[in-house]
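As a plain string of letters, each chain reads:
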Amino acid sequence: MERKPCILAAVRPQGGVAVRRALGEYADVVPVYDYDDAVAALRKSGVELVLCGVFFNETRALDLLRFVRQEFAALPFVACRIGDRVMSPVMVEAMGIAAKSMGAVAFIDMPLLHADSTTDTEFRAQVLRHVR
C-alpha cells in the first residue's frame, strides 16, 4: 500500500469536514482550528504540506504562513478559500496575491467545496500536486 502524504489543514471547522472528504482517501489530513495548535502540529514534524484557509482562526492565515516560511522554509504552503462567504472578485484576487507574495506556492479558490463532492476532484488535484 502506498504511503499517504501528511497534510496539515489549518481551516475553520466546516472547512475541515470538506477537506477531509476531498483528501481523506489520498492523504493523512490533520485538521487544526487555531494558530497555537497549528504551530504545535508543525513542530511535531511529519507534515509534508500546509493547506491553510484564508479565514483560518479569523485572521491568522498570514501569520501562519510567515511562521512556516521562517521555521520550515521548504515546506509547501497552499492558501485556499473554502466556503461561500460573499466576497468581491477583487478581494479574492488580493488574498491570492498576498499569500503568494509571502511565499505560498498556490492559492486555491474553492467556494463550493463545502457544499458537496462535485469539486473534490479538482481541489484534490490542485492540492496534491504541491506535495513533495
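Everything below is about the structure printed above this text.
Residues numbered from 1 in each chain as written. Predicted model: local features only at pLDDT ≥ 70, side-chain atom pairs only at ≥ 80, totals over all residues. Heavy atoms only, no water.

Enquirer: What's the story with the pairing of strand β4 (residues 77–82) in this structure? I'm lost.
Expert: For a regular strand, the rule is simple: side chains alternate between the two faces of the sheet. Burial within β4 is extensive, with six of its six residues counted as buried. Because side chains alternate across β4, one face comprises the buried residues Phe77, Ala79 and Arg81, and the other comprises Val78, Cys80 and Ile82, equally buried. Where strand β3 (residues 49–53) meets β4, four bridges bridge the pair, whose relative direction is parallel. Looking at β4, one finds that leucine 51 is bridged to valine 78. Strand direction decides the pairing type here: β4 and strand β5 (residues 106–110), joined by five bridges, are parallel. (Buried < 20%, exposed > 50% of the residue type's maximum accessible area, 1.4 Å probe, protein only. Helix = DSSP H or I, 4+ residues; strand = E, 2+ residues; numbered from the N terminus. Pairing = 2+ DSSP bridges.)

Enquirer: Sorry if this is basic, but what is going on with the layout of surface pockets here?
Expert: To find leftover empty space, a probe the size of one water molecule is rolled over the atoms. Here the largest pocket is characterised by a volume of approximately 190 Å³. Forming the boundary of the largest pocket are 13 residues, of which Val54, Ala61, Leu62, Met95 and Ala98 lie nearest the centre. Elements with a minimum of two residues in the lining of the largest pocket: β3, α3 (61–71), β4 and α4 (89–101). Taken together, the residues that form the lining of the largest pocket break down as 10 nonpolar, two polar and one charged. (1 Å grid on protein atoms, 1.4 Å probe; cavity = no way out; pocket = protein on both sides within 12 Å on 5 of 7 lines; lining within 4 Å. Points joined across faces, edges and corners; volume = space filled by probe spheres on them. Nonpolar A, V, L, I, M, F, W, Y, C, P; charged D, E, K, R; others polar.)

Enquirer: Quick question: what am I supposed to make of the packing of aromatic side chains here?
Expert: Geometrically, a pair of aromatic rings is defined through the distance of the ring centres and the angle of the planes. The final tally for this structure, using the stated rule, is one aromatic pair. Looking at arginine 60, its charged tip hangs above the ring of tyrosine 35, at a distance of 3.9 Å from the centre. (Phe/Tyr/Trp six-rings, centres within 6.5 Å; stacked < 30°, edge-to-face > 60°. Lys NZ or Arg CZ within 6 Å of the ring centre and 35° of its normal.)

Enquirer: I tried to follow the pattern of salt bridges on my own but got confused; where do I start?
Expert: Working definition: two side chains of opposite charge can pair if their charged atoms are close together. Tallied over the full model, the rule gives five salt bridges. Aspartate 120 is paired through a salt bridge with arginine 21; the nearest N and O atoms lie 3.0 Å apart. Here arginine 21 lies in helix α1 (residues 13–23) and aspartate 120 lies in helix α5 (residues 120–128), a separation of 99 residues in the sequence. Given the relative accessible area of 5%, aspartate 120 is considered buried. One connected set of salt bridges, linked through shared partners, spans Arg60, Asp63 and Arg66. (Salt bridge = Lys/Arg side-chain N within 4 Å of Asp/Glu carboxyl O.)

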